[in-house]
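Here is what each chain is made of, one letter per residue.
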Amino acid sequence: DCTALSGAWGRGARRLKGDGMASNKKLLVLPGDGIGPEVMREVRRVIDWMDRRRAVTFDLEEDLVGGAAMDARGVPITEATLDKAKRADAVLFGAVGGPKWDTLGFDKRPEIAILSLRKELGLFANLRPATVLDPLVDASTLKPDVVRGLDLMIVRESTGGIYFGQPRGVETLPDGTKRGFNTEVYTTPEIERVARVGFELARKRGNKLCSVEKANVMESGLLWRQTVTAVGAAEFPDVQLSHMYADNCAMQLVRNPRQFDVIVTTNLFGDLLSDLASMLTGSLGMLASATLGGLDEGGKRHALYEPIHGSAPDIAGRGIANPLAQILSFAMLLRYSFGMEEDASLIERACTKVLSGGFRTADIMQPGMAKVSTQVMGEQLLRELDKLAA
Ligand code: IPM
Ligand code: MG
């Protein structure tokens, strides 16, 4: 039931769950591969800080996923880990993948871990904000005038489309050549539920929703457009709805990104456009995301939070990765899964303070700033948290 998503997001969002929940917050932490474990270590310090300073205690479990699970257990994610994720109130995910596992078959690739979590937990709405923080306006490759104050949200469908559509595979043709194929497929209910998330979010923000597909060449895209239009007319006549082809959207995002408020799009287009949008902000290392499901029979909403930067194997193990996206993902988790608005905003304000204080990891380094390691960035954040909480 997706109408129950009502009021679940956006600035000033309320918690996702009923108020009668038990006080122990069950958190599953999945650091994964590459820089995942390094940046997650800094989150653990924030969690310890909350325990000490705010008397907020979590039931923490940690487990292996991705290449790490592949190496230790021969699968990218075990059934037991998936069960833990289902039982948890929220999942904090790092990143998966790396060259070491790139040659494995599709059922063994680290990426299966995140794809299975999305699918098995029914996490169909992937919220990917792209926000330009003032201290970082010069870190963007675009002109400051184009990106200053940017605050857009991409809602990417994440359990359907070509990522999961059947048939898929590679077959050998009679002449010995091969044919690889995947299927883009969307049903009305799949489109409706993610469209509602987009509309709801728009209502809490700038009241504008742009639906993105390729209705000019794809039947599934045409169905997408018609379905979003129908949901809008029936349930959200107050929200300003527009439609855009995905290629044009890519162009518009670079030309004039501030024209957008909320974008709702398919799994594959959302994958591409969210990477593009993230770079408008100057650093992939800054952006968090939430992936949310509907309510299950028990009234529980599954949710997973992850930075969008991925495992960054090129810099893994060097202690130079930016931990802020992982930390901001944790802040999103506090807000959306536990209704802890005050703590979430405390962490977000501390991040901005660290940046205004001139501290930069390599990915967002600018002239005149202090280049710091992952760990020092984490320490500076704790210092700002101390000050803010004093
Ligand atoms: C993302 C990633 C994943 C995706 C990969 C790791 C499967 O690129 O979350 O954007 O394509 O969805
Ligand atoms: Mg991606």
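Values in this document were obtained by computation on a predicted structure and should not be read as measured data.

Caption draft 1: Spatial organisation of the packing of aromatic side chains. Evaluation of the coordinates by the stated rule reveals 4 aromatic pairs. Measuring from ring centre to ring centre gives 5.8 Å for Phe 58 and Phe 330, while their planes differ by 65°; the resulting arrangement is edge-to-face. Of this pair, Phe 58 sits in strand β2 (residues 58-62) while Phe 330 sits in helix α10 (residues 324-338), and the two are 272 residues apart along the sequence. The pair Phe 58 / Phe 330 is uniform in exposure class, with both members buried. With a centroid separation of 5.1 Å and 70° between ring planes, the pair formed by Tyr 186 and Trp 224 is classed as edge-to-face. Here Tyr 186, found in the loop between β7 (178-181) and α6 (188-204), pairs with Trp 224, found in helix α7 (residues 219-235); they are 38 residues apart in sequence, far enough to count as distant. The exposure classification of Tyr 186 matches that of Trp 224, with both residues buried. Connected via pairs of aromatic rings, a cluster forms that spans Phe 58, Phe 330 and Phe 338. Over the face of the ring belonging to Phe 106 we find Arg 109, whose NZ or CZ atom lies 6.0 Å from the ring centre. Positioned above the aromatic ring of Phe 164, the side-chain terminus of Lys 119 is 4.6 Å from the ring centre.

Caption draft 2: Fine view of the pairing of strand β10 (residues 262-265). Across the two faces of β10 the burial is the same, with Val 262 and Val 264 and Ile 263 and Thr 265 all buried. In terms of strand pairing, strand β5 (residues 151-157) meets β10 through 4 bridges, oriented parallel. By the bridge assignment, Val 155 is partnered in β10 with Val 264. With 4 bridges connecting them, strand β8 (residues 208-213) and β10 associate as parallel partners. By the bridge assignment, Leu 209 is partnered in β10 with Val 262.

Caption draft 3: Structural context of the site of ligand 1. If you check the shell around ligand 1, you find Glu 111, Arg 118, Arg 128, Arg 156, Tyr 163 and Asp 271 and nothing else. Between ligand 1 and Arg 118 there is a distance of 2.8 Å, counted from an oxygen atom to a side-chain nitrogen or oxygen. Between Tyr 163 and ligand 1, the recorded distance is 2.5 Å, taken from a side-chain N or O atom to an oxygen atom. Looking at the shell around ligand 1 residue by residue, the classes come out as 1 nonpolar, no polar and 5 charged.

Caption draft 4: Focus on the nonpolar core. Counting residues in hydrophobic clusters, the biggest one holds 65 residues, and the most contacted among them are Tyr 305, Phe 330 and Leu 334. Of the residues forming this core, the biggest block, 10 residues, is contributed by α10. Core analysis: the next-biggest nonpolar cluster, separate from the first, contains 19 residues, Ala 130, Leu 152, Val 212 and Ile 263 among them.

Caption draft 5: Seen up close, the pattern of salt bridges. Inspection of the entire model under this criterion finds 27 salt bridges. Close ionic contact of Arg 148 with Asp 145 constitutes a salt bridge, the shortest N to O distance being 3.5 Å. Taking relative accessible area as the criterion, Arg 148 reaches 40% and is therefore assigned partly exposed. The exposed category is assigned to Asp 145, whose relative accessible area is 59%. Its salt-bridge partner being Arg 335, residue Glu 341 comes within 2.7 Å of it at the nearest N-O pair. Classification of Glu 341 by relative accessible area gives partly exposed; the value is 29%. Because the salt bridges share partners, they merge into one network encompassing Glu 61, Asp 63, Arg 73 and Lys 84.

Caption draft 6: Structural context of the pairing of β2. Where strand β1 (residues 25-32) and β2 come together, 5 bridges link them in parallel fashion. From the neighbouring strand, Leu 28 faces β2, where its bridge partner is Glu 61. One crossover worth recording links β1 to the parallel β2 by way of helix α1 (residues 36-54), and it is right-handed.

Caption draft 7: Seen up close, the side chain of Gln 326. Inspection of the secondary structure puts Gln 326 in helix α10. A polar atom in the side chain of Gln 326 sits 3.0 Å from the backbone oxygen of Phe 93. Not counting residues up to four positions away in its chain, the partners in contact with Gln 326 are Val 39, Met 40, Val 43, Leu 92, Phe 93, Gly 94 and Pro 307.

Caption draft 8: View of helix α12 (residues 374-389). Between its first and last C-alpha, α12 extends 23 Å over 16 residues, near the 22 Å set by a 1.5 Å rise per residue. Three or more residues of α12 are buried, namely Thr 374, Met 377, Gly 378, Gln 380, Leu 381, Leu 382, Glu 384 and Leu 385. On the buried face of α12, the contacting elements are α1, α10, α11 (341-356) and β13 (359-360).

Caption draft 9: Main features of the environment of Arg 73. Mapped onto the secondary structure, Arg 73 falls in helix α2 (residues 67-73). Looking at Arg 73, the relative accessible area reads 39%, which means it is partly exposed. For the pair Arg 73 and Leu 388, spaced 315 residues apart in the sequence, the C-alpha separation amounts to 43 Å. Leaving out residues up to four positions away in the same chain, Arg 73 has contacts with Asp 63, Leu 64, Thr 78 and Thr 81. Side-chain polar atoms of Arg 73 contact the side chain of Asp 63, separated by 2.9 Å.

Rules and cut-offs
- Residues numbered from 1 in each chain as written.
- Chains lettered and ligands numbered in written order.
- Predicted model: local features only at pLDDT ≥ 70, side-chain atom pairs only at ≥ 80, totals over all residues.
- Heavy atoms only, no water.
- Phe/Tyr/Trp six-rings, centres within 6.5 Å; stacked < 30°, edge-to-face > 60°.
- Helix = DSSP H or I, 4+ residues; strand = E, 2+ residues; numbered from the N terminus.
- Buried < 20%, exposed > 50% of the residue type's maximum accessible area, 1.4 Å probe, protein only.
- Lys NZ or Arg CZ within 6 Å of the ring centre and 35° of its normal.
- Pairing = 2+ DSSP bridges.
- Near = heavy atom within 4 Å.
- Polar contact = N/O pair within 3.5 Å; in protein donor to acceptor, adjacent residues only side chain to side chain.
- Nonpolar A, V, L, I, M, F, W, Y, C, P; charged D, E, K, R; others polar.
- Core = buried A, V, L, I, M, F, W, Y, C linked by side-chain atoms within 4.5 Å.
- Salt bridge = Lys/Arg side-chain N within 4 Å of Asp/Glu carboxyl O.
- Right-handed = clockwise from strand over helix to strand, strands pointing away.
- Contact = heavy atoms within 4.5 Å.
- Expected span 1.5 Å × (residues − 1).

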